[in-house]
Amino acid sequence: MQRTFFCDRCFTSILMLLLLPAFAQAAVDPAVLAAQKQRVDVIKAVSPSVVAIFGAAGKGGGSGVLVTSDGFALTNFHVASPSGNFMKCGLNDGKLYDAVIVSVDPTGDIALIKLLGRTDFPVARLGNSDTVKVGDWAYAMGNPFLLATDFQPTITYGIVSGVHRYQYPAGTFLEYTDCIQVDSSINPGNSGGPLFNDQGELIGINGRGSFEKRGRVNSGAGYAISINQIKHFWDHLKSGRIVDHAALGATVSTDFDSKIDVTEILEESDAFRKGLRLGDEIVSFAGRPIRSVNQFKNILGIYPAGWTLPLVYRRDEKKTTIYVRLQALHSASELQKQAGQKKIIPEKPSKPGDKKPSPMPHPHAKQAATPPPEKYKHLYISKTGFANYYFNQRQQDRLLQALNDSSNFSDRKGNWSLTGKQIDGDEFTLTLADKGIGFELGNDVYLQSLESGMLLDEPPGTGGLLAAFHHFRLLFSGQTARFTDFYYLGSEHLDGKNELVDVLVAIQTGAISRWYFNKSDLSLKGFDFYLTENSEVCAIRFEQFQTLKGQKFPSEINVQYGDRPVMKLKIEQVKLETLENSKK
Amino acid sequence: MKENTVKSAFVCLCLITSALTVPVSAQASSQATIQHALPRLVKIFGAGGVKNLYGYSTGFLVSPQGHIATIWSPVLDTDRLSVVLHDGRRFEAEVLGAEPHLDLAIIKLKSEHELKLPYFDYQNKAIAGAGTRILGFSNMFRVATGDEPVSVLHGVIEARTELPRRRGAFELSYTGDVYVVDAITNNPGAAGGAILTYDGKLLGMIGKQVRNAKTNTWVNYSLPIDVLSKSIEQIITGKYESSENQKKPETETPERYRPVDFGLVMVPDVLYRTPAFIDSVLPGSLVAKAGLRPDDLVVFVNDELIKSCKTLKSELGKLESGDQLRLVVRRDNQLISLELQVPPENK
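Residues numbered from 1 in each chain as written. Chains lettered and ligands numbered in written order. Predicted model: local features only at pLDDT ≥ 70, side-chain atom pairs only at ≥ 80, totals over all residues.

Undergrad: Go over the overall build of chain B with me, naming the residues and quoting the values.
TA: The number of helices and strands found in chain B is 6 helices and 18 strands. Going through the 347 residues of chain B one by one, you find that 39% of them count as buried. Looking at chain B alone, contacts between residues at least 24 apart form 61% of all its contacts between residues at least 6 apart. (Helix = DSSP H or I, 4+ residues; strand = E, 2+ residues; numbered from the N terminus. Buried ≥ 20, exposed ≤ 12 C-beta atoms within 10 Å, placed from the backbone. Contact = placed C-beta atoms within 7 Å.)

The structure is reproduced here in structure tokens:
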């Protein structure tokens with residue numbers, strides 16, 4: 001009986017095939033042909049940017065998508081991670097390219113890789129995932145089941161089933177927030193591949209599915225990481241680091257009025273310092289209204305650690321807006337362990353009862369042990385905390401070069417003396433030396449020794465202004481090698497509301513300075529200084545510059561402690577000694 | 001066989017023609033349909049949550065007062081049935097009635113105020129043939145919580161047909177017509193959702209997760225609204241008579257004893273094949289003395305395999321006064337057997 005049934009079907013299909021040409025000629029609606037042509041055109045236009053990724057030994061694999069013509073391509077962390085530092089990538093021109101790991105985001109399940117050997121790679125156009133609507137057509141492309149040996153991407157076509165979806169972390173990582181749910185078939189091997197809208201714009205990176213039912217094949221529910229999340233992380237990803245997501249330092253839950261309230265808050269968190277307290281109702285976050293806990297987690301999950309975002313809370317019918325600097329979601333060692341660098345922290349058991357769609361498995365994955373290609377092996381530098389330190393060095397060089405071009409004081413490594421007036425009239429003299437910092441302000445004198453090793457909040461209530469000026473001197477005199485740690489972080493909006501800035505981070509004896517360079521003209525806007533990781537910030541902004549022998553030096557400096565103004569210094573006289581002079 | 005072929009050819013012609021007459025503004029109208037449908041779908045949370053018994057399902061509003069059509073499933077077997085609307089409003093709900101034969105249940109939101117909710121007109125009995133494009137709405141995998149809308153899938157009706165249950169392939173009590181679709185609607189929590197045409201006509205209710213016992217494949221099917229419509233109306237208006245009650249007594253087998261005559265209270269028989277778990281044991285009863293406990297699963301009665309509460313009932317019914325009753329139950333993966341004397345019949 002069963003056989004008859006199938007024969008029946010065969011017959012039907014044959015009949016269909018016979019009938020189809022006749023119908024096609026007779027009655028095809030032009031709109032159908034136009035829609036078909038549009039699909040064909042879109043697929044033709046975007047297919048060259050789709051990458052088939054294989055481990056160095058040709059084993060394992062997944063998908064990816066090229067986003068810059070010099071070869072930067074996005075994929076999943078869970079695809080790149082087992083593939084080794086060097087990979088092989090196939091494009092639909094049938095060629096296989098070498099590629100190197102750039103950075104990883106283990107929480108967001110994103111990795112950035114760089115294809116090598118060309119500067120004119122075909123790229124995907126980035127869309128805006130916030131405009132994606134349920135019901136929109138969506139193309140998933142990639143290499144499911146590693147079917148394509150000629151690297152022609154497989155295309156699956158479906159609709160958007162849901163937007164702004166939240167998918168619980170697998171363990172403590174691989175959390176999909178604000179993601180796009182599609183019924184386009186997502187199968188093993190699709191991981192890391194692009195999701196395009198019907199205009200051929202990249203709206204997401206496919207990475208996950210609800211697989212618990214059918215043994216790890218498409219079940220009609222696939223999830224893509226939104227491209228807007230990746231845009232926030234873009235410069236962080238170019239830093240070569242193991243990047244982290246953010247935490248507020250407070251937890252929220254739904255109260256019986258369906259309001260979202262703060263139920264726990266850490267006293268050392270920036271949110272607490274800015275005034276957020278237990279029981280406050282969260283009204284909006286990052287400009288989006290908050291109506292559910294998932295919504296809050298969705299928004300928090302798309303921003304990098306260290307970003308400053310606006311948060312509106314309500315207490316006693318009064319609404320207050322604060323700008324909160326987000327802390328890191330994971331400790332450095334947790335991140336490194338997840339990225340496969342160290343194994344220190346015992347694995348946290350996942351919460352029971354969490355339903356978590358599994359990331360797509362890596363077909364035939366095996367740790368690659370193939371040596372890197374000789375030609376490219378200089379493109380990988382191993383360092384703790386980095387996926388590939390080589391790319392961080394390139395970014396450091398870019399910003400330091402820009403600083404050097406406008407403000408080169410590298411021949412002035414001796415003592416510095418800055419004198420001038422505070423905006424309200426008091427005169428000051430600031431003396432910067434290797435042994436210590438001295439600050440005379442009116443009749444007061446403040447000292448910070450640099451030999452005892454103890455950094456102080458001097459003058460009191462500034463967050464360590466004197467120690468901050470020590471970092472200032474080291475950076476401006478080209479002595480970055482004297483920092484214990486110095487790296488490029490990525491980009492963020494200055495103070496959460498101003499222009500996008502590139503960020504360099506300098507650390508010495510636990511004190512941290514973050515240096516802000518305008519993203520478009522690379523001018524230095526100022527820096528934030530923290531005596532320790534959880535201290536309140538001493539925010540220093542350069543408002544005016546003066547020119548000394550053709551080199552720019554700050555002449556007006558605004559100092560804030562947290563969000564409270566402390567002082568404004570006008571520098572009138574600058575004496576910068578060379579190392580030899582100082583020794584005399 | 002011949003007639004069959006002709007029928008398939010006809011189906012296939014329909015398929016071609018309907019595929020060719022896809023409206024120009026297919027997407028525009030599907031967007032409108034999605035916006036129309038999502039506020040009419042609800043997320044249902046009830047009993048379950050262990051192993052393959054999911055504690056959630058989907059339903060759709062069929063009246064402005066909060067009547068909801070959904071799948072008749074163990075999810076509803078609780079006093080704390082909770083329904084979340086598309087806007088995040090959460091209600092308690094009660095089961096108003098069910099037509100187990102159609103896998104249909106109607107639940108109603110408990111509310112002190114008059115509700116004026118958007119709803120589907122189930123009496124507009126739209127019918128569609130193979131090739132019709134559909135949208136499926138369900139909270140599969142419980143992706144949506146709170147004020148998030150349920151998931152939307154797209155697909156095509158492959159056939160309106162009887163599932164070949166008569167061949168013993170699908171474990172289903174319902175034997176009438178269903179829509180078989182190519183959207184993957186057969187997922188945890190999807191049952192009770194709705195399928196609609198692209199232009200917004202309610203076609204049916206997504207069926208429960210069944211699979212072909214022979215090929216181990218899942219089938220994506222929905223129960224047609226034209227079949228459900230009458231029962232929905234009867235349950236809402238309170239004029240309902242279950243088709244189960246109308247059925248003549250299923251067996252000629254005697255029913256001399258019921259489980260309760262031995263002190264057994266079984267779990268509610270809500271499934272086509274409800275496993276014969278003991279819900280509670282009457283204190284001081286025969287089985288209590290013999291050491292049976294709640295949650296024991298009855299596996300054998302006098303060497304007859306007990307597949308469900310129904311077979312237990314019929315096996316016990318056959319007993320006669322003075323018989324030896326040999327019971328084998330499973331408790332925490334251990335088989336425990338015991339024997340007791342059948343008491344005199346209680347007339």
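Undergrad: So what's going on with the sheet that holds strand E11 (residues 202–206) of chain B? Residues and values would help.
TA: Residue and element names in this part refer to chain B. Spatially, 6 strands are ordered E7-E8-E9-E12-E11-E10 in a closed barrel, and the strand pairing comes out antiparallel. Put simply, the sheet's adjacent strands are angled 40° from each other on average, direction ignored. Summarising the sheet, strand E10 (residues 194–197) and E11 pair through 3 bridges and their orientation is antiparallel. The residue bridging Ala-194 from the neighbouring strand is Met-205, located in E11. (Pairing = 2+ DSSP bridges. Axes fitted to C-alpha atoms, helices over the stretch in contact; angles between N-to-C directions.)

Undergrad: Can you tell me about the pairing of strand E23 (residues 427–432) of chain A, naming the residues and giving the values?
TA: All names here are of chain A. Where strand E22 (residues 416–422) meets E23, 6 bridges bridge the pair, whose relative direction is antiparallel. Note on E23: the bridge partner recorded for Thr-419 is Thr-429. Between the end of E22 and the start of E23, which pair antiparallel, lie 4 residues, with Gly-425 showing a positive phi angle near 115°. For E23 and strand E24 (residues 436–441), the ladder comprises 5 bridges, and the chain directions are antiparallel. In the sheet register, Thr-429 faces E24, and the bridge partner there is Glu-440. Where E23 hands over to E24, the hairpin turn is made up of 3 residues, counted between the paired strands.

Undergrad: Could you give an account of the nonpolar core, naming the residues involved and the relevant values?
TA: Ranked by internal contacts, the top residues of the largest apolar core, which has 135 residues, are Ile113(A), Ala69(B) and Ala194(B). Not counting the four nearest positions on each side in its chain, Ile113(A) is found in contact with Gly64(A), Ala73(A), Thr75(A), Ala80(A), Met87(A), Ala99(A), Val100(A), Ile101(A) and Val102(A). Among the nonpolar cores identified, the runner-up in size contains 46 residues, and Leu432(A), Tyr488(A), Phe527(A) and Ile557(A) belong to it. (Core = buried A, V, L, I, M, F, W, Y, C linked by C-beta atoms within 7 Å.)

Undergrad: Could you give an account of the domain arrangement of chain B, with specific residues and numbers?
TA: Residue and element names in this part refer to chain B. When its domains are assigned, chain B resolves into domain 1 (22–244) and domain 2 (259–341). Just the C-alpha atoms count here: the centres of domain 1 and domain 2 sit 35 Å apart. Taken together, the 4 residues of domain 1 in the interface contact 4 residues of domain 2. A per-class count over the side of domain 1 that touches domain 2 returns 1 nonpolar, 1 polar and 2 charged. (Domains from an automatic or database assignment. Nonpolar A, V, L, I, M, F, W, Y, C, P; charged D, E, K, R; others polar.)

Undergrad: If you had to explain unusual backbone geometry to someone new, which residues and values would you point to?
TA: Residue and element names in this part refer to chain A. In the segment running from Glu-458 into Pro-459, the intervening peptide bond is cis, with an omega of -15°. Here Pro-459 lies in the loop between strand E25 (444–449) and helix H9 (465–476). Even without being a glycine, Phe-151 presents a positive backbone phi close to 65°. Relative to the helices and strands, Phe-151 resides in the loop between strand E8 (137–142) and strand E9 (154–167). Phi at Asp-495 takes a positive value of approximately 55°, unusual for a residue other than glycine. Within the secondary structure, Asp-495 sits in the loop between strand E26 (485–493) and strand E27 (500–508).

Undergrad: Lay out the domain arrangement of chain A with the relevant residues and their values.
TA: Quite often, the size of an interface is put as the accessible area lost when its parts meet. Residues and elements named next belong to chain A. Here the domain parsing of chain A yields domain 1 (49–245 + 329–364), domain 2 (246–328) and domain 3 (393–583). Placing a centre on the C-alpha atoms of domain 2 and another on those of domain 3 gives a separation of 31 Å. Contacts between the two partners involve 10 residues from domain 2, matched on the other side by 10 residues from domain 3. Here the side of domain 2 that touches domain 3 gets 3 residues from one element, more than from any other, and that element is strand E19 (residues 308–315). Within the side of domain 2 that touches domain 3, the residues separate by chemical class into 5 nonpolar, 2 polar and 3 charged.

Undergrad: I'd like to hear about the environment of Pro310(A), residue by residue, with values.
TA: All names here are of chain A. With respect to the element layout, Pro-310 can be found in strand E19. By C-beta crowding, Pro-310 is classed as partly exposed, having 14 other C-beta atoms within 10 Å. Distance in space between the C-alpha atoms of Pro-310 and Val-283 is 11 Å, their sequence separation being 27 residues. Contact partners of Pro-310, with chain neighbours within four places excluded, come to Ala-286, Gly-287, Thr-321, Tyr-323 and Gly-496.

Undergrad: For the sheet that holds E22(A), give the residues involved together with the corresponding values.
TA: Residue and element names in this part refer to chain A. Pairing is antiparallel across the open sheet formed by 11 strands, whose spatial order is E25-E24-E23-E22-E32-E31-E30-E29-E28-E27-E26. Pairing within the sheet leaves two strands with one partner each, and these edge strands are E25 and E26. Averaged over all pairs of adjacent strands, the angle between strand axes in this sheet comes to 25°, irrespective of strand direction. Its contacts with the sheet put helix H8 (residues 389–406) on E26, E27, strand E28 (511–518), strand E29 (524–530) and strand E31 (551–561), and the angle it makes with E26 is roughly 85°.

Undergrad: Provide a residue-level description of the confidence of the model for chain B, including the pertinent values.
TA: All names here are of chain B. Confidence in the prediction for chain B averages 84 pLDDT; 84% of positions are at 70 or higher. Per-residue pLDDT stays below 50 along residues 1–24; that stretch engages in 35 contacts with residues further than four places along the chain or on separate chains. Scored below 50 in pLDDT, residues 247–251 makes 1 contact in the model with residues more than four places away or belonging to other chains. Note on the complex model: pTM 0.80, ipTM 0.83. (pLDDT = per-residue confidence, 0-100.)

Undergrad: An account of the environment of Glu264(A) is requested, with residue identities and associated values reported.
TA: Residue and element names in this part refer to chain A. In this fold, Glu-264 is placed in strand E16 (residues 260–265). A tally of 10 C-beta atoms within 10 Å means that Glu-264 is categorised as exposed. With 13 residues separating them in the primary sequence, Glu-264 and Thr-251 have C-alpha atoms 5.2 Å apart. Not counting residues up to four positions away in its chain, the partners in contact with Glu-264 are Ala-250 and Thr-251.

Undergrad: Could you give an account of the confidence of the model for chain A, naming the residues involved and the relevant values?
TA: Here chain A averages 89 in pLDDT, while 89% of its residues score no lower than 70. Segment residues 1–15 of chain A is flagged for pLDDT under 50; beyond a separation of four residues in sequence, or across chains, it makes 12 contacts in the model.

Undergrad: How would you sum up the pairing of strand E6 (residues 104–109) of chain B? Please name residues and give values.
TA: Residue and element names in this part refer to chain B. Judged by how many residues are buried, E6 sits mostly within the fold: 6 of 6 residues are covered. Bridging between strand E3 (residues 67–71) and E6 involves 5 bridges; their strand directions are antiparallel. Within E6, the residue paired with Ile-71 across the bridge is Leu-104. As consecutive antiparallel partners, strand E5 (residues 90–99) and E6 are separated by 4 residues, and within that stretch Asp-103 has a phi angle of approximately 60°, a positive value.

Undergrad: Let's hear about helix H6 (residues 309–317) of chain B: which residues, and what values?
TA: Residue and element names in this part refer to chain B. Listing the buried residues of H6 in full gives Cys-309, Leu-312, Glu-315 and Leu-316. Projected down its long axis, H6 carries its buried residues within an arc of 125°, all on one side. The inward-facing, buried residues of H6 abut strand E13 (264–266), strand E15 (297–301) and strand E16 (304–305). (Arc of directions from axis to C-beta.)

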